[in-house]
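# Structural overview for review
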Amino acid sequence: MNKKLFVAMSGGVDSSVAAHLLKEEGFDVYGLTLKLYENMDEEILNQAALTAQAIGAPFFVYDISSEFKKRVIDYFVSSYMAGKTPNPCIECNRYIKFDKVLELARSHGVNSMATGHYSTIEYDKASQRFLLKKAFEEDKDQSYFLYMLKQDILAKTLLPLGSLTKAQVREIAQSQGFSNAKRKDSQDVCFLPHGNYADFIAQYYPQANLKGNFIDEDGSLLGQHEGIHKYTIGQRKGLGVSFGKPMFVKAKNIEDKTITLSSEEALYSSYLRADNLNLIPFESLESPRRFKAKTRYNQKEQWARIEQTDTDKVIVEFEQAQRAVAQGQTIVFYEDEYLVGGGTIL
Amino acid sequence: MQRIYVDNAATTAISPEVLEAMMPFMQEVYGNPSSIHSFGQEASAALEKARLEIAEILGAKSKEIYFTSGGSESDNWAINAALSIGAKRGKKHIVSSKIEHHAVLHVLKRLEKEGYEVTYLDVNGNGIVKLEDLKSAIREDTALVTIMYANNEIGSIQPITEIGALCREKGVLFHTDAVQAVGNLPVNVVEDNIDFLSLSAHKFHGPKGVGVLYCRTGLALRGLIIGGAQERGRRAGTENVAAIVGMSAALKQAKDNMQANNIALKKMQAKLIDELLKIPRSRLNGDPIKRLPGNISFCFEGIEGEALLLSLDMVGIAASSGSACTSGSLDPSHVLLAIGLPHEIAHGSLRLSLSNFNTMEEMEYIIENLKIIVKRLRDMSPVWEKLEKEANTNGLQ
């Protein structure tokens, strides 16, 4: 009998092709779309259903909107309002996506899953651990978003797109007649369709007055801002006030609704702490080591010294100061092509 | 021709063991349980033994079990009794869900006309009530929360333990229509903090026309039928001893075989679901995990539910569209609308409900025939033709 496996299908080209490739490889493929929030685009669900049926895979929709709201949206909103820069996709992968797909799989007596992420999982016989490796096409690599996966999840997960380029994936989609073959890539968070954080946050606090003051690093008043939810750390453009010299958002304080502005130099820091630590090639980091790290997805990696200080915490010292390191963002570090670990910046 | 019965959520066959348990109470032990002679006392003893056995299986006390004519009567009685308790404190608000059985919904509709206010909770896309909604719906003047244990059409199982705990914490009475759950799931009124529960014997291989209302001790249960001492003076009328004994035997059999039955049911269920999902433009209704082990609910786009049922009947397969109580009506099911299906899709629904009397061979027969029937009906359907055209213009295959 063929090996059974559940593929998380978003309706997009990547997961469609992932499902198709696994089917070709001889897996008994089941498709599933997680319904993450009310008013999710019906077209997405239809697209996923049609693709699944085109490859003869039973297709399920699993509504987990209550858990998603609690674990991802509420966290996102409260973290954002606390002046941090949360990454909802990371929290979704940490608490929702993999757990829920495997939960549905288990109810069918199935113990494996796959996604359309661009990254590769390898088994290392020497250490007897599953490793997470960057995608063949480094520009598309999504290992950053998977840093939190534990060994038990990595052992059950297949990522069939890791060795392909996006162009190859689109070609496969086109040859299969998938109508999403040419759809533009989206970098947006799924529940923030146009990346409009401010409007989304404002819905949560319709009554609250979020306006307040811009202050400098000494606490002196610089002017008024339009609402604390409308600014992100490191932002320069669109502050709406002229200060005579370039000023940047350095910090946000929800308590008194002040936004601290600074010169660009003051945005740089070389030291940070992170929690939510997950390490992939080993259980713990016995002594401080030098790795290449990045504090945002679209960032070039930089050399840093990483020291584990607690079961789930590290301190990181960059060899060169980094610009606008934001609390709540995810830092991950690599050794060559392999993701070593990561955490949430404190 | 092969005949296959897969409408067990509507009613089930009496099992041979249940029938055997009932037989003596037709011709031999036929006394009226209220009579003081030995004929009566034998019947009375059988009645009380059944009451005790049923109570134990539900985790209840014997005196908390009231025999009724079935699920609908128990639902009506529980709701009205709970409201009369609330009325003493001026409580006029009820919380329920949009996917209840009509035996609850229509009672609530009438109560609305009589001045009560009802909040009908939405369900998520898989037909599950959201706890956070319930939390915010309960008010100072809420007299009752009534939410079904498991849905009769789409099989979704509600978070009853959490709902019961929340109601107890808020001091609100909680009734659950457990007609589809009892016999299929391990229901325990104490663990789930249930104040009122309705069940019906013919859903688990017991006889028709008999059921139970469980009412927790300490609650003043307002009488339903006046004029006799039966059921502690709250439901007059000579008891249907044979049926009650049959219900007890059926419940015991269901409990003893529940684990083995559920394993077999889930295998057949998974087989049907997986194969039917391979039919283009089909969808599974209800929760893919938290669902009754024998329930399979599907929509096939471009097909009328009635036409599908008739075609299935022609090849010997007895199924239903929505629930048996609403078939024949042209309105799409309120349950399918509540989980967000558009009208035109909700029309093409099919419910297959299995029991432990079904076999895997029957599932294969159903799958084979259903695939042929869906294709044939779609070939004749103008709606399907339109859907296909739209799909082509959208570049879908």
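Computed from a predicted structure; not experimentally measured.

This paragraph deals with the overall build of chain B. Helix and strand content of chain B: 14 helices and twelve strands. Rg of the C-alpha trace for chain B: 22 Å, near the compact-globule value of 21 Å for 397 residues, within the 12% margin. Considered along the principal axes of its C-alpha atoms, chain B spans approximately 75 × 50 × 30 Å. Here chain B, with 397 residues, has 59% of them falling under the buried criterion. Summed over its atoms, the accessible surface of chain B is roughly 16,800 Å², and 54% of this surface lies on carbon and sulfur atoms. Side chains of chain B give 42 positive and 47 negative charges; the mean places of these two sets differ by 4 Å.

All names here are of chain A. Under the domain assignment used here, chain A contains domain 1 (4–175), domain 2 (210–262) and domain 3 (267–345). In this structure, domain 2 and domain 3 have C-alpha centres spaced 28 Å apart. Taken together, the six residues of domain 2 in the interface contact five residues of domain 3. Taken as a group, Ile233, Gly234 and Phe248 account for 75% of the area that domain 2 buries against domain 3, more than any other trio of residues on that side. One can count zero salt bridges joining domain 2 with domain 3.

Attention shifts here to the side chain of Arg291 of chain B. Residues and elements named next belong to chain B. Within the secondary structure, Arg291 is located in the loop between β9 (282–284) and β10 (295–300). Within polar-contact distance, the side chain of Arg291 engages the backbone oxygen of Ile154 at 3.1 Å. What Arg291 contacts, discounting residues up to four positions off in sequence, is Ile154, Gly155, Ser156, Ile157, Gln269, Ile273, Leu284, Asn285, Gly286, Ile296 and Ser297.

In the Ramachandran plot, Ala324 of chain A falls in the positive-phi region, its phi being about 50 degrees despite a non-glycine side chain. Mapped onto the secondary structure, Ala324 of chain A falls in the loop between β15 (313–323) and β16 (330–335). The phi dihedral of His205 of chain B falls on the positive side, at around 70 degrees, and the residue is not glycine. Following the sequence through the fold, His205 of chain B ends up in the loop between β7 (196–200) and β8 (211–215). On the basis of relative accessible area, His205 of chain B is assigned to the buried category, the value being 9%.

A separate point is the interface of chain B and chain A. Each partner contributes to the interface: chain B provides 22 residues, whereas chain A provides 23 residues. The junction of chain B with chain A conceals about 1,800 Å² of combined surface from both sides, 52% of it contributed by carbon and sulfur atoms. Scanning the region where chain B abuts chain A turns up twelve residue pairs in polar contact (both at pLDDT 80 or more). Counting only elements with at least two residues in the side of chain B that touches chain A, the list comes to α9 (241–276) and β9 of chain B. In the side of chain B that touches chain A, the residues fall into eight nonpolar, seven polar and seven charged.

Among the nonpolar cores identified, the biggest contains 91 residues, and Phe191 of chain A together with Leu308 of chain B are the most heavily contacted of them. Core analysis: the second largest hydrophobic core is formed by 66 residues, Phe67, Ile154, Ala178 and Ala181 of chain B among them.

A few words now on the sheet that holds strand β6 (residues 173–177) of chain B. Residues and elements named next belong to chain B. Read from one edge of the open sheet, seven strands run β2-β8-β7-β6-β5-β3-β4, paired in mixed fashion. This sheet does not close on itself; its edge strands, each paired only once, are β2 (65–68) and β4 (117–121). Put simply, the sheet's adjacent strands are angled 20 degrees from each other on average, direction ignored. When β7 meets β8, the two strands line up antiparallel, connected through five bridges. Paired with Ser200 across the strands is Gly211, a residue of β8. Relative to β2, helix α3 (residues 38–58) is tilted by about 115 degrees, and along the sheet it contacts β2, β7 and β8. Contacts from helix α5 (residues 102–113) reach β3 (93–97), β4, β5 (142–146) and β6 within the one sheet, and its direction differs from that of β4 by about 145 degrees.

Residue and element names in this part refer to chain A. Running from N to C, helix α3 (residues 65–81) and helix α7 (residues 197–204) cross one another at 100 degrees; their axes reach a closest spacing of 11 Å. Of the possible angle classes, the one that applies to α3 and α7 is roughly perpendicular. For the pair α3 and α7, contact is made by Lys69, Ile73, Asp74, Phe76, Val77, Tyr80 and Met81 and by Tyr197, Phe200, Ile201 and Tyr204, respectively. The residue makeup of the contact of α3 with α7, split by class, is nine nonpolar, no polar and two charged.

Okay, helix α7 (residues 160–170) of chain B next. Along α7 of chain B, the positions that sit buried rather than exposed are Ile160, Ile163, Gly164, Leu166 and Cys167 of chain B. Buried positions in α7 of chain B, seen along its axis, are confined to an arc of 165 degrees and lie on one side of it.

This part covers the pattern of salt bridges. All names here are of chain A. Counted under the stated rule, the structure contains 35 salt bridges over all chains. Lys166 is the partner of Asp14 in a salt bridge, and the nearest nitrogen-oxygen pair spans 3.1 Å. Of this pair, Asp14 sits in helix α1 (residues 13–24) while Lys166 sits in helix α6 (residues 166–175), and the two are 152 residues apart along the sequence. Of the two residues, Asp14 and Lys166, neither departs from the other in class, the shared state being buried. We note a salt bridge from Glu91 to Arg94, for which the minimum N-O separation is 3.2 Å.

All names here are of chain A. Looking only at α6, the buried set comprises Lys166, Val169, Ile172 and Ala173. When α6 is viewed along its axis, its buried side chains cluster within an angular range of 120 degrees and face the same direction. Turned more than 90 degrees from where α6 packs its buried face, Ala167, Glu171 and Ser175 sit exposed. On its buried side, α6 packs onto α1. In the segment just after α6, Gly177 is the residue with positive phi, at about 75 degrees.

What counts as what
- Residues numbered from 1 in each chain as written.
- Chains lettered and ligands numbered in written order.
- Predicted model: local features only at pLDDT ≥ 70, side-chain atom pairs only at ≥ 80, totals over all residues.
- Heavy atoms only, no water.
- Helix = DSSP H or I, 4+ residues; strand = E, 2+ residues; numbered from the N terminus.
- Rg over C-alpha atoms; globule rule 2.2 N^0.38 Å.
- Buried < 20%, exposed > 50% of the residue type's maximum accessible area, 1.4 Å probe, protein only.
- Areas by Shrake-Rupley, 256 points an atom, 1.4 Å probe, with all protein chains shown as cover.
- Lys, Arg positive; Asp, Glu negative; His and termini not counted.
- Charge placed at Lys NZ, Arg CZ, Asp CG, Glu CD.
- Domains from an automatic or database assignment.
- Contact = heavy atoms within 4.5 Å.
- Buried area = accessible area lost by both parts, 1.4 Å probe.
- Salt bridge = Lys/Arg side-chain N within 4 Å of Asp/Glu carboxyl O.
- Polar contact = N/O pair within 3.5 Å; in protein donor to acceptor, adjacent residues only side chain to side chain.
- Nonpolar A, V, L, I, M, F, W, Y, C, P; charged D, E, K, R; others polar.
- Core = buried A, V, L, I, M, F, W, Y, C linked by side-chain atoms within 4.5 Å.
- Pairing = 2+ DSSP bridges.
- Axes fitted to C-alpha atoms, helices over the stretch in contact; angles between N-to-C directions.
- Parallel < 35°, antiparallel > 145°, perpendicular 65-115°, else oblique.
- Arc of directions from axis to C-beta.

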